[in-house]
Amino acid sequence: MPHLEPLPDAEDQIFDAVDNNWVDSHAPYWSRPFLKLSRMDRPIGTWLLLLPCWWGLLIGILRIGSPRCYDLWILVACAFGAVLMRGSGCTWNDINDREIDGKVLRTKLRPIPSGSITVRTAALWMIIQAIIAFLILLTFNITAIALGFIAILPVAIYPFAKRFTWWPQFFLGIAFNWGVLLAFAASTNFLNWPCFLLYLAGISWTLFYDTIYAHQDKEDDAMLGVKSTAILFGDKTKIVLRNYAKKRNPINEKTKAFFLNNKGERLSIRTIQHIVKKHMKAAGLNPDFHTHTLRHSFATHLMDGGADIRVVQELLGHSSPKTTDIYTHISVEKSREIYTKAHPKA
């Protein structure tokens, strides 16, 4: 084991690490530089990398029609892969940003700029993590393996993006949401347009949250000549992000409808009937029914579950509880139960 200077105790932990995290509190001193390079003291990033993988797996299972035992392995493998690839990617990022990190308050205590680990040792640690992740990748199909190799490109580019563009958050989104494509392909062995749409949505999500995150360093970044959307938007960040979110808000402000057509308008009854009948036919069910059947069933289940009639009224969009009564009823079993409990002579 190479000679390493131990990092400071928990009271001197890296500024953006979780308070009293397990690395600073319980990990052996010799392992702390490695674990901190992999961001084990800040687990949120692993979740941000893992969740897109699980999204991709979920829509892959929905595309196939039912989960398989192999999908459970993909679920677990993505979890291990997220830890390893985030660790490897962050180590690569720290190797390339070591000069910048040493001049930024939030990052100057990271292992490389603080002198707790050498660049050579950090590079070796990066390779070890990548090799283990590669062995996990080999358990997937050829499409997923190919996507895994392609993923190296955005991961490799990201640390340099802040040097040549105001949009490094966009490059982070490309890398961090790649798991959507990879996990979907691992489950289905192909890609389709829904998974690409989900991938683009993930990039937008990353662009949003990492712009907020980048505001921590904007003064230091501006002084060092490092670019980010936080510096680009400046004091208008709240306005920009609010407008960005509104443009992608699925709720139409005029109709207050959640499910919209391609024109951004409320879905018509005819369209709903067409969509439902199409899927019922695909499922081998009788498509000859009216959409009010769904409303009636929906309301009945709510009422049988003890929902207040005014809540059901609001959900159905009725102006009066009397109208809601038309679509709801209390089952015979429920009536008997209420009578037995409430009537004095039952």
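Residues numbered from 1 in each chain as written. Predicted model: local features only at pLDDT ≥ 70, side-chain atom pairs only at ≥ 80, totals over all residues. Heavy atoms only, no water.

Draft legend 1. Broad picture of the overall build of the protein. The number of helices and strands found in the protein is 20 helices and zero strands. Of all 346 residues assigned to the protein, the portion counted as buried reaches 40%. The long-range fraction of contacts in the protein, counting pairs at least 24 apart against all pairs at least 6 apart in sequence, stands at 63%. Of the accessible surface of the protein, which amounts to about 20,500 Å², a share of 65% is contributed by carbon and sulfur atoms. (Helix = DSSP H or I, 4+ residues; strand = E, 2+ residues; numbered from the N terminus. Buried < 20%, exposed > 50% of the residue type's maximum accessible area, 1.4 Å probe, protein only. Contact = heavy atoms within 4.5 Å. Areas by Shrake-Rupley, 256 points an atom, 1.4 Å probe, with all protein chains shown as cover.)

Draft legend 2. Spotlight on the packing of helix H9 (residues 152-164) against helix H10 (residues 168-176). Following both chains from N to C, one finds H9 and H10 inclined at 170°, their axes separated by 8 Å at the closest point. Here H9 lies roughly antiparallel to H10, going by the angle between them. Between H9 and H10, the residues in contact are Pro154, Val155, Ile157, Tyr158, Ala161, Lys162 and Phe164 and Pro168, Phe171, Leu172, Ile174 and Ala175, respectively. (Axes fitted to C-alpha atoms, helices over the stretch in contact; angles between N-to-C directions. Parallel < 35°, antiparallel > 145°, perpendicular 65-115°, else oblique.)

Draft legend 3. Expanded view of the nonpolar core. Counting residues in each nonpolar core, the largest one holds 35 residues, and the members touching the most others are Phe140, Trp178 and Tyr199. When residues of this core are traced back to their parent elements, those giving at least two are helix H3 (44-64), helix H4 (69-96), helix H7 (119-137), helix H8 (142-150), H10, helix H11 (178-188) and helix H12 (193-214). Per-element accounting of this core gives the leading share, eight residues, to H11. Excluding residues that lie within four positions of it along the chain, Tyr199 makes contacts with Gly173, Ile174, Asn177, Trp178, Val180 and Leu181. Listed in part, the six residues of the second largest apolar core include Phe34, Ile112, Ile117 and Ala122. (Core = buried A, V, L, I, M, F, W, Y, C linked by side-chain atoms within 4.5 Å.)

Draft legend 4. Local environment of unusual backbone geometry. Non-glycine residue Arg39 carries a positive phi angle of around 65°. Assignment of secondary structure puts Arg39 in the loop between helix H2 (32-37) and H3.

Draft legend 5. Representation of the environment of Gly56 within the structure. Its location among the elements puts Gly56 in helix H3. Measuring from C-alpha to C-alpha, the distance between Gly56 and Tyr199 comes to 8.4 Å, with 143 residues separating the pair along the chain.

Draft legend 6. Spatial organisation of the confidence of the model for the protein. With 81% of its residues at a pLDDT of 70 or more, the protein shows a mean pLDDT of 82. Across residues 1-12, confidence stays below pLDDT 50; counting only partners more than four residues off in sequence or on other chains, it has 23 contacts. (pLDDT = per-residue confidence, 0-100.)

Draft legend 7. View of the packing of aromatic side chains. Counted by the stated rule, this structure contains 11 aromatic pairs. Ring geometry for Phe34 and Trp125: centres 5.4 Å apart, planes at 70°, overall edge-to-face. Separated by 91 residues along the polypeptide, Phe34 in helix H2 and Trp125 in helix H7 bring together distant segments of the chain. The exposure class of Phe34 is buried, given its relative accessible area of 11%. Taken together, the ring pairs in this structure connect Trp55, Trp205 and Tyr209 into an aromatic cluster. Against the face of Trp166 rests Lys227, its NZ or CZ located 5.6 Å from the ring centre. (Phe/Tyr/Trp six-rings, centres within 6.5 Å; stacked < 30°, edge-to-face > 60°. Lys NZ or Arg CZ within 6 Å of the ring centre and 35° of its normal.)

Draft legend 8. Molecular detail of H12. With 22 residues, H12 ought to run about 32 Å at 1.5 Å a step, and its terminal C-alpha atoms sit 31 Å apart, in line with that. Turning to H12, its buried residues are Cys195, Tyr199, Gly202, Ile203, Thr206, Leu207, Tyr209, Asp210, Thr211 and Ala214. (Expected span 1.5 Å × (residues − 1).)

Draft legend 9. The pattern of salt bridges, seen in detail. Under the counting rule described, the total for this entry stands at nine salt bridges. Here Arg42 ties to Asp41 by a salt bridge, and the two come within 3.2 Å at their closest N and O atoms. Comparing Arg42 with Asp41, the two get one shared label, buried. Between Asp97 and Arg163 there is a salt bridge, and its shortest N-O distance comes to 3.1 Å. In this pair, Asp97 sits in the loop between H4 and helix H5 (98-101) while Arg163 sits in helix H9, placing the two residues 66 residues apart along the sequence. Judged by its relative accessible area of 4%, Asp97 is buried. By relative accessible area, Arg163 is classed as partly exposed at 35%. Because the salt bridges share partners, they merge into one network encompassing Asp24, Lys36, Asp41 and Arg42. (Salt bridge = Lys/Arg side-chain N within 4 Å of Asp/Glu carboxyl O.)

Draft legend 10. Structural detail: a nonpolar patch on the surface. Side chains of Ile127, Ile131, Phe134, Leu135, Leu138, Phe149 and Ile152 sit close together on the surface and give an oily, nonpolar patch of about 650 Å² of accessible area. For the nonpolar patch, the leading source of residues is H7, giving four residues. As for its placement among the helices and strands, Ile127 is situated in helix H7. (Patch = residues over 30% accessible without salt bridge, like charges linked within 9 Å, V, L, I, M, F, W, Y side chains within 5 Å.)

Draft legend 11. Up close: the side chain of Thr188. Within the element layout of this structure, Thr188 appears in helix H11. Within polar-contact distance, the side chain of Thr188 engages the backbone oxygen of Phe184 at 2.8 Å. Non-local contacts of Thr188, meaning those with residues more than four positions away in its chain, are made with Gly60 and Ile64. (Polar contact = N/O pair within 3.5 Å; in protein donor to acceptor, adjacent residues only side chain to side chain.)

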